[in-house]
Every structure is written in structure tokens, then in C-alpha cells.
Amino acid sequence: MALLPHWFESKSFQTQLILVALVCDPIGFGAGYLLAPEFGVEPVLGGVYGLVAASFPMSMLVIREMNR
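Criteria and cut-off values
- Position labels on residues start from 1 in each chain and follow its written sequence.
- Side-chain atom pairs in this predicted model are given and counted only at pLDDT of 80 or more, local residue features only at pLDDT of at least 70, and totals for whole chains, interfaces and linings cover all residues.
- Each side-chain value is derived from all of the structure's non-hydrogen atoms; neither hydrogens nor water enter the calculation.
- To pair, rings of Phe, Tyr and Trp, with the six-membered ring standing in for Trp, must have centres within 6.5 Å; the planes then decide the type, stacked if under 30 degrees apart, edge-to-face if over 60, and tilted in the middle.
- When a residue's accessible area, from a 1.4 Å probe over protein chains only, is under 20% of the maximum for its type it is buried; when over 50% it is exposed; and in between it is partly exposed.
- We count a stretch as a helix when DSSP gives it H or I for four or more residues in a row; a strand needs E for two or more, and each element gets its number in order from the N terminus.
- The patch calculation keeps residues exceeding 30% relative accessible area without a salt bridge and links them within 9 Å when they carry like charges or within 5 Å when they are nonpolar (Val, Leu, Ile, Met, Phe, Trp, Tyr).
- Methods summary: accessible areas were calculated by the Shrake-Rupley approach with a probe of 1.4 Å, and residue burial reflects only the protein chains presented.
- One speaks of a salt bridge when a side-chain nitrogen belonging to Lys or Arg is within 4 Å of a carboxyl oxygen belonging to Asp or Glu.

Here we take up the packing of aromatic side chains. Considering all chains together, one arrives at two aromatic pairs under this definition. Ring geometry for Trp7 versus Phe8: centroids 6.1 Å apart, planes at 90°, classification edge-to-face. Residue class for Phe8 comes out buried when judged on its relative accessible area of 8%. Ring centres 6.0 Å apart and planes at 25° place the aromatic pair Phe29 and Tyr33 in the stacked group. Taken as a pair, Phe29 and Tyr33 lie in helix H2 (residues 13–35) at a separation of four residues, close to a single helical turn. Judged by its relative accessible area of 34%, Phe29 falls in the partly exposed class. Overall, the relative accessible area of 40% leaves Tyr33 in the partly exposed class.

Take a nonpolar patch on the surface next. On the surface, a nonpolar cluster with roughly 860 Å² of combined accessible area is contributed by Phe29, Tyr33, Leu34, Val44, Leu45, Val48, Tyr49, Leu51 and Val52. Among the elements of the structure, H2 and helix H3 (43–66) are those that each provide at least two residues to the nonpolar patch. Ranked by residues supplied to the nonpolar patch, first place goes to H3 with six residues. Residue placement: Leu51 occurs in helix H3. When its relative accessible area of 34% is taken as the criterion, Leu51 is described as partly exposed.

Listed below in C-alpha cells is the structure:
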């Protein structure tokens, strides 16, 4: 059983990268922006931290592609 849906796997690697960025980056920025005040950080800086955390799934996709 594949971890990712077939329609995602059937896309080119470049398209997969764009799709992951379109999904993960806004979620990461939004979560970081909203959670930052809880940790005593400015919201925009929290958004940047969220973007850094959101790059993890993209890194995993690149590593997966390298191992093919």
C-alpha cells in the first residue's frame, strides 16, 4: 500500500514539489503566525518559523525521489 495517493504519484516530480509547497507553506505560516504569541515571539517571526517547519515534508519528498 502506497503512502501517497495514486493521482499524486502519477504527477511529475516538479509538479509534486509545487503541490506540496502550495499545501504546506500556507498551513505552516498560518500555524506559526497564530501560535507565536503563545511562545512570546512576534507573529511574523512565528510565521517564518512555521515556514521552516513546513519545509520538512518537502525535504522528505526530495529524499524519497533521490532513493528511487
